[in-house]
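Listed below are the residues making up each chain.
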Amino acid sequence: MNQYILHSALLGALWLGSTSAMATGFIALSEEGFDVEEGGLSAYTLCNLTGEFGADEEGSIPPTFEPNGGANNTCAIPKIPDGYKQIKNARRPLVLNGFNRRFRPVKITVGFVTDRVWRNESESRCIYGAKIRLNNVDADRITPGKQFFEINDILRGGVEGRAPEIAYWFTSNADEVVYRAGLTSTSLVFEPESESEAQPLVDEAPIDENWVDFSTDLNYRDDDGSSYRDSPWLLVKTACAAGEAPVVLPGALKFRQMGQEGQPLLEIEVNGYAPAGATAETAAP
């Protein structure tokens, strides 16, 4: 049995053995953590592991729903739920601060995020959504050749005390899925060769009630062969009082390159919609 088969078997056992919620639709994030094997707790719930966190060069398998299939759809939804009306929409650039070959500072727009809010007045709930598209652009002006910015983790802040739920919406112009999501500000790389945990324990990724972390693998041209520039809609549903208007919170969205293929650790902060009165305290990498 080769390493790839062993690795796939390990992931399958992890997924099936986890007691995290495994269902289509929004999943409530636990402030205490999700039970994992051997009595441990993790901030993360598992979603779609078919792409092995980007390690599988053949890529991930998109979710399907009945009556047209019905597989690989944990955490996924086929559409924004009925009763939700879009109330906010913005397109924000993802700007990386770097240097050119003369070591002069430059700002590189590596992509854009569409930031959107839907509200259901009767349920007093809001959905905060983010969808990313990465550009065909050299993110490293010093190293010869093209070094594309990769996004392994996407965080949304300002959810403390809001009973957040998560889901993703894989639209027709999406490439990649969501592997996991959790109530934490600590991002960790899943490394197949070291058999690191797909569902890390809370002593490695502590629970942070103010942040939701989505793990995915976005890159216009990925060194591991799984090149996906377009994310699905990454959705966070929270309580929102009737008539409460979302605010634009500095640093509420964070996009992290975690060095899955040996790249430098980088983070881009972007303004994002958040509930009124929310804060975006410093989030750990």
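Our subject in this report is the structure included herewith. (Residues numbered from 1 in each chain as written. Predicted model: local features only at pLDDT ≥ 70, side-chain atom pairs only at ≥ 80, totals over all residues. Heavy atoms only, no water.)

Regarding the nonpolar core
Filter applied, for reference: By nonpolar core we mean a set of buried residues, namely Ala, Val, Leu, Ile, Met, Phe, Trp, Tyr and Cys, connected to one another through side-chain atoms within 4.5 Å. A 1.4 Å probe rolled over the protein chains alone gives each residue an accessible area, and that area as a share of the maximum for its type sets the label: buried under 20%, exposed over 50%, partly exposed in between. For helices the rule is a DSSP run of H or I covering at least 4 residues; for strands it is a run of E covering at least 2, with both sets numbered from the N terminus onward. Should any heavy atoms of two residues lie within 4.5 Å, those residues are counted as being in contact.
Among the nonpolar cores identified, the biggest contains 45 residues, and Leu 94, Val 110, Ile 132, Ile 151, Ile 166 and Phe 255 are the most heavily contacted of them. If one sorts the elements of this core by residue count, strand β7 (residues 105–120) sits on top with four residues. When sequence neighbours within four positions are dropped, the list of residues in contact with Leu 94 reads Ile 108, Thr 109, Val 110, Gly 111, Phe 112, Val 113, Ile 132, Leu 134, Ile 151, Phe 255, Ile 268 and Val 270.

Digging into the pattern of salt bridges
Side chains that differ in charge, positive against negative, can pair when their charged atoms come close. Short version of the rule: Any Lys or Arg side-chain nitrogen located within 4 Å of an Asp or Glu carboxyl oxygen qualifies as a salt bridge.
Throughout the structure, instances matching the rule amount to nine salt bridges. Of the charged contacts, one joins Arg 156 and Asp 115 as a salt bridge, the two residues approaching to 2.9 Å between their closest N and O atoms. A residue pair is termed long-range when its members are at least 10 positions apart, and Arg 156 in strand β9 (residues 150–157) and Asp 115 in strand β7 qualify at 41 residues. For Arg 156, a relative accessible area of 3% translates into the label buried. Looking at Asp 115, the relative accessible area reads 0%, which means it is buried. Here Glu 267 and Arg 256 are joined by a salt bridge, their closest N and O atoms 2.6 Å apart. Of this pair, Glu 267 sits in strand β15 (residues 266–274) while Arg 256 sits in strand β14 (residues 247–257), and the two are eleven residues apart along the sequence. The exposure class of Glu 267 is partly exposed, given its relative accessible area of 34%.

Quick look at the pairing of strand β13 (residues 233–239)
The line we're drawing: By this definition, two strands are paired if DSSP reports at least two bridges between them.
Most of β13 sits inside the fold, with six of its seven residues counted as buried. Pairing geometry for strand β8 (residues 125–134) and β13, over six bridges, is antiparallel. In the strand pairing of β13, Cys 126 is matched with Thr 238. Inspection of the sheet shows strand β10 (residues 165–169) paired to β13 by five bridges, in the antiparallel sense. Note on β13: the bridge partner recorded for Trp 169 is Trp 233.

Looking at the pairing of β10
In terms of burial, β10 is largely enclosed, as five of its five residues are buried. Side chains Glu 165, Ala 167 and Trp 169 of β10 all project onto a buried face; the interleaved residues Ile 166 and Tyr 168 project onto the opposite face, where all are buried too. Strand direction decides the pairing type here: strand β1 (residues 27–28) and β10, joined by two bridges, are antiparallel. Across the sheet, the residue bridging to Ile 27 is Ile 166, located in β10. In this sheet, β10 lies alongside strand β5 (residues 76–77) in parallel orientation, the contact comprising two bridges. Directly across from Ala 76, in β10, lies its bridge partner Tyr 168.

Function-wise, these values are silent; they only describe arrangement.
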